[in-house]
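Below are the chains, spelled out letter by letter.
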Amino acid sequence: MSQHGVGPRAVTRSVAFLTAGVLAVPALAGCGSDDPSGKPLAGQDIQPAPRDRIADGGTLRWAVDSVPDTLNTFQSDADATTTRVAQAVLPSMFRMNASGRPERNPEYLESAEVVDTEPKQVVLYKLNQQAVWSDGREIGAADFAAQWRALSGKDTAYWTARNAGYDRIQKIERGDNALEVRVTFSRPYADWRSLFSPLYPKDVMGTPDSFNDGARKKLKVSAGPFTVKEVDRKDEEITLARNPRWWGEPAKLSEIVLRTVPRDKRAAELAAGTLDLAEIDPTAARRITLAARPHSSSSPLMGPGADRSAADALQSWAVANGSDEDAADEETVARKKLRKAVAKYTRQQQALRGFEVRKSLEPAYTQLALNGAEGPLADERVRRAVARALDRKELAQAVLKPLGLPAVPVGSHLALSGQAAYADNSGALGGQDTKEAQALLADAGWVSGGPVEERKKKEKEEAAGPEGEKADGDSKEESDDDGTYIVGEDDKARRGPDPAGRLAQDGKQYLPPHQGGAPGAYAPKGTAAPANQEAARLAKNGKALTLRFVLPSGPGSQTLRTVADRISRMLERVGIGTEISKVSDESYFKDHIASGQYDLALYSWPATAFPATDARPVYAKPVPAADGSLNVEQNYTRVGTDQVDQLFDEAVATLDEDESRSLIRKADSRIWAAAGSIPLFQRPQLLAARKNLVNTGAFGFGTPVYEDMGFLKKGAKPASGPSAKGSATP
């Protein structure tokens with residue numbers, strides 16, 4: 001699991017509390033006639049086109065992060081590429097629509113419904129009579145039964161990552177004919193639609209050996225529009241080929257090649273013509289957007305030499321033509337290298353004109369995690385104070401507004417806007433309120449004084465004022481400034497580069513509006529910094545209130561570091577210090593988040609259509625294990641209560657869908673009140689796609705329809721509208 005997000009629900013969902021008697025949770029929005037779930041904040045952006053405008057054949061070269069260690073999505077080392085392959089080659093009884101809600105997949109299911117609830121819940125699946133495995137065998141009850149036995153948890157010889165839902169099944173049998181499958185549950189299960197998606201053949205699920213090893217490196221038998229043709233670990237590619245036994249609309253593409261390409265190399269690979277589709281970071285997205293524009297003097301510069309001013313160029317020419325021969329030779333070599341780099345960059349930009357950026361919001365959100373196991377954050381009042389210090393709207397705008405995406409803070413831990421279980425329950429904790437945050441800290445015993453006060457006195461004496469130092473001193477940091485000075489932020493090295501400028505995609509600098517000189521407001525460079533704008537650092541028993549903020553250090557983590565920088569400044573305003581600790585991407589989750597070696601951290605969770613099942617281990621109350629350690633499941637904040645666990649248990653056992661959603665929303669309100677984790681914003685989804693590539697791109701919530709992907713026929717135009725399949729309403 002990376003710091004950016006955790007895998008889809010086919011993989012283990014991997015990488016909250018005021019005492020019940022004190023908290024009054026506000027009434028839920030769902031009690032009225034209005035649906036609190038709302039609509040998705042951003043739709044799909046996939047360049048839709050009808051099939052008759054798409055050429056038959058062609059190879060789609062699609063960048064992925066890695067060739068997975070396994071093709072079995074139910075194993076612990078499965079990843080996002082495992083899921084992508086499974087979506088293209090395996091049956092799925094239900095798939096996600098554009099609102100992130102499950103819908104029946106007609107290629108495999110004629111119908112699926114609960115036909116009995118007493119004495120047991122029974123679900124009857126009626127299969128598409130044309131559905132067959134690639135070896136010609138019909139998909140049937142034997143496949144369902146084999147998958148149930150493998151994932152039920154009863155046989156520990158199966159190395160499974162999860163068994164949620166399958167452990168509630170009592171038996172599986174054939175119905176009135178070979179196309180019917182009857183599944184009887186030992187206990188009611190609300191999320192029954194989550195099961196058998198994907199469905200593996202009995203050849204894979206039938207024995208522990210075949211489950212553990214049979215589908216790791218290859219899939220001999222499949223049943224999707226594509227099959228796995230080759231897994232090339234040397235060249236780090238997976239080739240999917242059109243399935244000749246596919247009974248649905250035949251795939252337009254002949255092949256899909258999933259190529260491993262590091263994210264920081266993808267723009268160059270796109271320009272070189274070796275990729276057609278790639279998920280990219282904001283910097284690459286800006287570069288592709290600029291490449292499509294006519295060049296003008298007002299266009300923002302990127303690439304080699306973009307930061308050189310006219311004065312720099314003149315100085316370089318003077319040195320290269322000066323009397324100091326050694327310096328002239330060195331400068332001449334540097335100028336030649338720069339010209340070559342600029343020429344290469346220009347060629348790449350010309351090639352990138354054949355691509356466009358397709359953008360939406362991922363079915364995942366970034367959160368601030370607060371470790372409640374020990375230290376200051378073990379006190380619920382301190383956790384709540386941290387939460388009340390945050391301006392979540394500002395954080396969302398810093399990341400999403402420059403990308404042209406809706407900058408709306410996430411209001412739920414358990415669903416995203418548009419999903420059935422969504423409701424904005426953040427009112428259970430409350431919004432940004434500096435005075436309330438300070439009052440909570442004072443109530444917890446954190447006050448100004450002791451060694452912290454000594455340090456602040458010294459800082460006050462050194463602070464800039466009418467007779468103090470100017471903000472544009474002679475330091476190197478100041479000489480590298482972009483001409484903008486942020487009031488209340490004397491130390492540019494501490495705040496780093498302007499995050500909004502880094503994230504801008506349209507050449508504009510997005511700056512917060514002037515706020516009357518408050519910290520974070522913008523003023524012309526040279527304006528004297530007012531003294532003592534930050535709150536005095538708090539202490540308790542002589543120890544300063546400082547939280548360790550752990551962040552990944554990899555090249556793809558700039559957005560997280562931008563957000564962390566803003567959070568740190570917000571906390572400083574209420575007297576909370578942060579100590580930034582940057583660690584390698586490889587150790588970030590395993591050695592810090594999962595092991596609890598942090599106070600504050602940023603990472604993402606995927607949204608799920610089945611929160612009663614998938615989210616429970618993320619918020620379950622930690623319990624002592626037999627060896628004396630703490631079993632946290634996936635609750636890496638270590639904050640939970642029996643009440644939240646009970647609400648999850650009731651929701652998953654309730655077959656009334658409205659009641660189940662109401663219970664989920666109540667659980668979310670209580671998770672908010674605990675302030676163990678604070679949802680911030682839905683993650684941006686940015687893809688670079690060749691302009692004539694259709695029915696693929698930024699899918700948002702929706703499951704891709706692989707058979708409809710392809711390249712437009714010569715002279716054909718795509719359809720109007722953002723999506724080809726899947727509606728925004730259930």
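Look up a bit, the structure's there.
Quick look at the structure, then. (Residues numbered from 1 in each chain as written. Predicted model: local features only at pLDDT ≥ 70, side-chain atom pairs only at ≥ 80, totals over all residues. Heavy atoms only, no water.)

**Focus: the sheet that holds strand β7 (residues 180–185)**
So, step 1. Spatially, β4-β5-β7-β6 is the arrangement adopted by the four strands of the open sheet, whose pairing is antiparallel. With one partner strand each, in any of the chains shown, β4 (109–116) and β6 (169–174) form the two edges of the open sheet. Put simply, the sheet's adjacent strands are angled 15 degrees from each other on average, direction ignored.
So, step 2. For strand β5 (residues 122–127) and β7, the ladder comprises five bridges, and the chain directions are antiparallel. Pairing of Leu 124 across the sheet is with Arg 182, part of β7. (Pairing = 2+ DSSP bridges. Helix = DSSP H or I, 4+ residues; strand = E, 2+ residues; numbered from the N terminus. Axes fitted to C-alpha atoms, helices over the stretch in contact; angles between N-to-C directions.)

**Notes on the nonpolar core**
Within soluble globular proteins, side chains that are nonpolar tend to cluster in buried spots.
So, step 1. One finds Met 93, Tyr 125, Phe 196 and Leu 240 to be the most contacted residues of the largest nonpolar core, which totals 102 residues.
So, step 2. Per element, the largest residue contribution to this core is seven residues, and it comes from helix α2 (residues 141–151). (Core = buried A, V, L, I, M, F, W, Y, C linked by side-chain atoms within 4.5 Å. Buried < 20%, exposed > 50% of the residue type's maximum accessible area, 1.4 Å probe, protein only.)

**A word on the sheet that holds strand β16 (residues 538–540)**
So, step 1. With antiparallel pairing, three strands are arranged side by side in an open sheet as β13-β16-β17. Looking at which strands have only one partner, the edges of the open sheet turn out to be β13 (447–448) and β17 (543–544).
So, step 2. As paired elements, β16 and β17 share two bridges and run antiparallel to each other. Bridging from a neighbouring strand, Lys 540 pairs with Lys 543 of β17.

**As for the packing of aromatic side chains**
So, step 1. Here the structure, examined in full by the defined rule, presents 18 aromatic pairs.
So, step 2. When the centroid spacing of 6.0 Å and the interplanar angle of 65 degrees are considered together, the rings of Phe 74 and Tyr 200 count as edge-to-face. One end of the pair, Phe 74, is in the loop between β1 (59–64) and α1 (80–89); the other, Tyr 200, is in the loop between β7 and α3 (202–205), with 126 residues separating them in the sequence.
So, step 3. With relative accessibility at 1%, the residue Phe 74 sits in the buried group.
So, step 4. Seen from their ring centres, Tyr 125 and Phe 144 are 5.4 Å apart, and the 50 degrees between their planes marks the pair as tilted. (Phe/Tyr/Trp six-rings, centres within 6.5 Å; stacked < 30°, edge-to-face > 60°.)

**Concerning the packing of helix α9 (residues 380–389) against helix α11 (residues 434–443)**
Pairs of packed helices are described in terms of their axes, by the angle between the two and the distance that separates them.
So, step 1. Running from N to C, α9 and α11 cross one another at 165 degrees; their axes reach a closest spacing of 8 Å. Accordingly, the angle class assigned to the pair α9 and α11 is roughly antiparallel. Of the two possible hands of crossing, α9 and α11 adopt the one that is left-handed. Along its contact with α9, which presents Arg 381, Val 382, Arg 384, Ala 385, Arg 388 and Ala 389, the element α11 presents Thr 434, Glu 436, Ala 437, Leu 440, Leu 441 and Asp 443.
So, step 2. Classifying every residue of the contact of α9 with α11 by side-chain character gives six nonpolar, one polar and five charged. (Parallel < 35°, antiparallel > 145°, perpendicular 65-115°, else oblique. Left-handed = near helix turned anticlockwise from the far one by under 90°. Contact = heavy atoms within 4.5 Å. Nonpolar A, V, L, I, M, F, W, Y, C, P; charged D, E, K, R; others polar.)

**Description of the environment of Leu 41**
So, step 1. Along the polypeptide, Leu 41 turns up in the segment before β1.
So, step 2. In the structure, Leu 41 is positioned 367 residues away from Val 408 in sequence and 7.9 Å away in space, judged by C-alpha atoms.
So, step 3. Here Leu 41 is in contact with Leu 361, Pro 406, Val 408, Ser 417 and Gln 682, once residues within four sequence places are set aside.

Geometric descriptors of this kind do not, in isolation, establish any biological role.
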